[in-house]
Amino acid sequence: MAYFDAASTEPLHPRAREALLEAVDVGWADPARPYTQSRRAHLLLEQARSEVAEVLGARPDEVSFTSSGTQAVHLGALGTLHGRRRAGRHLVTGAVEHSSVLHAAQLHERDGGTVETVGVSLTGRVDPAAFEAAVAREGTALACLQSANHEVGTVQPVAEVAEACRRHGVPLLVDAAQTAGRLPVPAGWSVLTASAHKWGGPAGVGVLAVRKGTRFRSFLPEDERERRRVPGFENVPAIVAAAAALRAMAEEAPEEQRRLSELVGRIRETIPKVVPDVEVIGEPVERAPHIVTFSCLYVDGEVLLGELDRAGFAVSSGSSCTASTLRPSHVLEAMGVLTHGNVRISLPRGATADEVDRFLAVLPELVRRIRHDAGVA
Amino acid sequence: MTEVTTPALTIDALGKKCPIPIIMLAEQINYVPLNSVVAVLADDPAAYTDVPAWCRLKSHRHVGSYELPGGGWAIHVRRNY
């Protein structure tokens, strides 16, 4: 069985597993109390915070832990909008952001705010000039841009957009969920969000970093935890494991991500040669190291995923038939690329060349059979 | 310039999920003369993106997509070859 869905969740890193088991025994107490067990939990929490901050290029006091990447985006976006109410109520986002950004934007709109969505190219990239024109609008309180797209892997021009935002005095929220631990965090963010289970940490831990000097005010009822940014008791053992995974992943990244990127390059190059009528999607070079997406004409994505599962491959799809909403992925729609017959491969740490070659060997026959069964000549 | 062309063929793919509307289009576009227009009637949201994307991949021309009063679209495609 080959697991090719790291962009949904990366398997737990062995170092995270070790750290988690240890921390469950020693880090269970309330880190906000004054006795010995609590001081130990507090120490573990602050140590984890420092480690995460270091890898992500933040100061420890800028980093808060949330219960997920989605929650980090919700709190980060809405908290910054709330903190900057006086500057205005306009929000700018890219068209292919994660649904957590788009849903936060919808809530902001329902609450009387305005939203502008900046479109993307056929490869899923926002145009920095178009993004700058959008943030230049009077009353822009916040802009959001992902580091790399979760469905097609395209890396966004974050540094350029951050520079444009700085020129206009607009804070930029960077959603680094797909690249944290794999690629260096791009410079220039005001708010940074990430998710531990995407870098080999456990589920239930997200990161919300707010740069010193950025106006931020939680929109939720007051709570003292996590610098008043995130309500509720921290999951210290999971946070400790998340930090261990991030350190390990970042240490291995230069070599391992280059290796995975080569495998992705092989897939990108081979698929159009062995499968007729296929479109490989996203930026060919400026891309996340582990993600590749393609769409097969005349193929039902759900059927293809089922066949691949039976053949021993776990992959994901942005096709509508595989989504709970019955709508195709907003990412593929915004790019204007084929939405049916879509397959996303995202390689976890340790994915082998053998697995990739096996995938490339079985795919053509599966696609041919599905097309044949659908009556495609 | 707006292009008003009466379709030479209308494919009724209403109620059909992608990729079926695209499969029907790929097969039936060969039934019309060169440079004439095929209208695909579809209400699967995927078709709205996929018919123009198919045109780009297959070098046919997406003329336009027009909302139907009962929901869905008439998506017009000009046969290029």
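Here the structure is a predicted model, which is why all the values come from computation and not from measurement.

(A) A look at the overall build of chain A. Secondary structure summary: chain A contains ten helices and twelve strands in total. When its C-alpha atoms are laid out on the principal axes, chain A stretches across 70 × 50 × 35 Å. Counting every position in chain A, which comprises 377 residues, the buried fraction comes to 57%. Restricting to contacts in chain A with at least 6 residues of sequence separation, those with at least 24 account for 72%. Element-wise, carbon and sulfur atoms account for 51% of the exposed surface of chain A, whose accessible area totals about 15500 Å². Counting 41 positive and 47 negative side-chain charges, chain A places the averaged centre of each group 5 Å from the other.

(B) Structural context of unusual backbone geometry. Cis geometry marks the peptide bond from C18(B) to P19(B), where omega comes out at 15°. Even without being glycine, R228(A) reaches a positive phi, approximately 65°. Tracing the sequence through the fold places R228(A) in the loop between strand 8 (206-210) and helix 7 (236-274). The backbone of D277(A) sits at a positive phi, close to 50°, despite the residue not being glycine. Look at D277(A) and you get partly exposed, because its relative accessible area is 31%.

(C) Focus on the packing of aromatic side chains. All names here are of chain A. This structure, assessed with the given rule, holds four aromatic pairs over all chains. When the ring of F4 is compared with that of F359, the centres are 6.0 Å apart and the planes differ by 70°; the resulting orientation is edge-to-face. Of this pair, F4 sits in the loop between strand 1 (2-3) and helix 1 (14-26) while F359 sits in helix 10 (residues 353-373); the two residues are 355 residues apart in sequence, bridging distant segments of the chain. For the ring pair F313 and F359, a centre distance of 5.3 Å and an interplane angle of 80° mean the geometry is edge-to-face.

(D) Representation of the pairing of strand 3 (residues 90-94) of chain A. All names here are of chain A. Strand 3 sits mainly inside the fold: five of its five residues count as buried. Residues H90, V92 and G94 point to one face of strand 3 and L91 and T93 to the other, with burial holding for every one of them. Taken together, the five bridges between strand 3 and strand 4 (residues 114-118) define a ladder with parallel strand orientation. From the neighbouring strand, G94 faces strand 4, where its bridge partner is V118. Each parallel crossover has a hand, and the one from strand 3 via helix 4 (residues 99-110) to strand 4 is right-handed. By the bridge criterion, four bridges tie strand 3 to strand 5 (residues 140-146) in an arrangement that is parallel. Along strand 5, the bridge assignment pairs L91 with L142.

(E) Summary view of the domain arrangement of chain A. Residue and element names in this part refer to chain A. Each assigned domain of chain A is listed here: domain 1 (14-248) and domain 2 (253-373). The C-alpha-based centres of domain 1 and domain 2 are spaced at 28 Å. Facing the 24 residues of domain 1 at the interface are 24 residues of domain 2. Of all residues in domain 1, E151, V152 and R182 bury the most surface against domain 2, accounting for 36% of the area lost on that side. Between the two partners, domain 1 and domain 2, sit zero salt bridges. Viewed at the interface, domain 2 and domain 1 are joined by nine residue pairs in polar contact (both at pLDDT 80 or more).

(F) Structural view of the state of the cysteines. All names here are of chain B. The tally for this structure, following the rule as stated, stands at zero disulfides over all chains. Lacking any disulfide linkage, C55 is separated from the closest cysteine sulfur, that of C18, by 12 Å. Residue C55 is classed as buried on the basis of its relative accessible area, which comes to 2%.

(G) Focus on the interface of chain B and chain A. Taken together, the contacts link 15 residues of chain B with 20 residues of chain A. The tally of links between chain B and chain A comes to two salt bridges. Salt-bridge contacts for E279(A) lead to R56(B); the nearest nitrogen and oxygen are separated by 2.8 Å. Taken together, the connections running from chain B to chain A amount to six residue pairs in polar contact (both at pLDDT 80 or more). Those elements that provide at least two residues to the side of chain B that touches chain A are helix 1 (20-28) and helix 2 (45-58) of chain B. Residue composition of the side of chain B that touches chain A, grouped by class: ten nonpolar, one polar and four charged.

(H) A look at helix 3 (residues 69-83) of chain A. Residue and element names in this part refer to chain A. Spanning 15 residues, helix 3 covers 20 Å between terminal C-alpha atoms, matching the ideal 21 Å at 1.5 Å per step. The element helix 3 is extensively covered by neighbouring structure, given that eleven of its 15 residues are classed as buried. Among the residues making up helix 3, those that are buried are G69, A72, V73, L75, G76, A77, L78, G79, T80, L81 and G83.

(I) Representation of the nonpolar core within the structure. Residues and elements named next belong to chain A. Counting residues in each nonpolar core, the largest one holds 56 residues, and the members touching the most others are F131, L172 and W199. The element that contributes the greatest number of residues to this core is helix 7, accounting for eleven residues. Both of domain 1 (14-248) and domain 2 (253-373) provide at least three residues apiece to this core. Apart from residues lying up to four places away in sequence, W199 is in contact with E10, A180, A194, V207, A242, A245, L246 and M249. Within the second largest apolar cluster, 29 residues are counted, among which are F4, C296, L305 and V315.

Reading the values: rules and limits
- Residues numbered from 1 in each chain as written.
- Chains lettered and ligands numbered in written order.
- Predicted model: local features only at pLDDT ≥ 70, side-chain atom pairs only at ≥ 80, totals over all residues.
- Heavy atoms only, no water.
- Helix = DSSP H or I, 4+ residues; strand = E, 2+ residues; numbered from the N terminus.
- Buried < 20%, exposed > 50% of the residue type's maximum accessible area, 1.4 Å probe, protein only.
- Contact = heavy atoms within 4.5 Å.
- Areas by Shrake-Rupley, 256 points an atom, 1.4 Å probe, with all protein chains shown as cover.
- Lys, Arg positive; Asp, Glu negative; His and termini not counted.
- Charge placed at Lys NZ, Arg CZ, Asp CG, Glu CD.
- Phe/Tyr/Trp six-rings, centres within 6.5 Å; stacked < 30°, edge-to-face > 60°.
- Pairing = 2+ DSSP bridges.
- Right-handed = clockwise from strand over helix to strand, strands pointing away.
- Domains from an automatic or database assignment.
- Buried area = accessible area lost by both parts, 1.4 Å probe.
- Salt bridge = Lys/Arg side-chain N within 4 Å of Asp/Glu carboxyl O.
- Polar contact = N/O pair within 3.5 Å; in protein donor to acceptor, adjacent residues only side chain to side chain.
- Disulfide = S-S within 2.5 Å.
- Nonpolar A, V, L, I, M, F, W, Y, C, P; charged D, E, K, R; others polar.
- Expected span 1.5 Å × (residues − 1).
- Core = buried A, V, L, I, M, F, W, Y, C linked by side-chain atoms within 4.5 Å.

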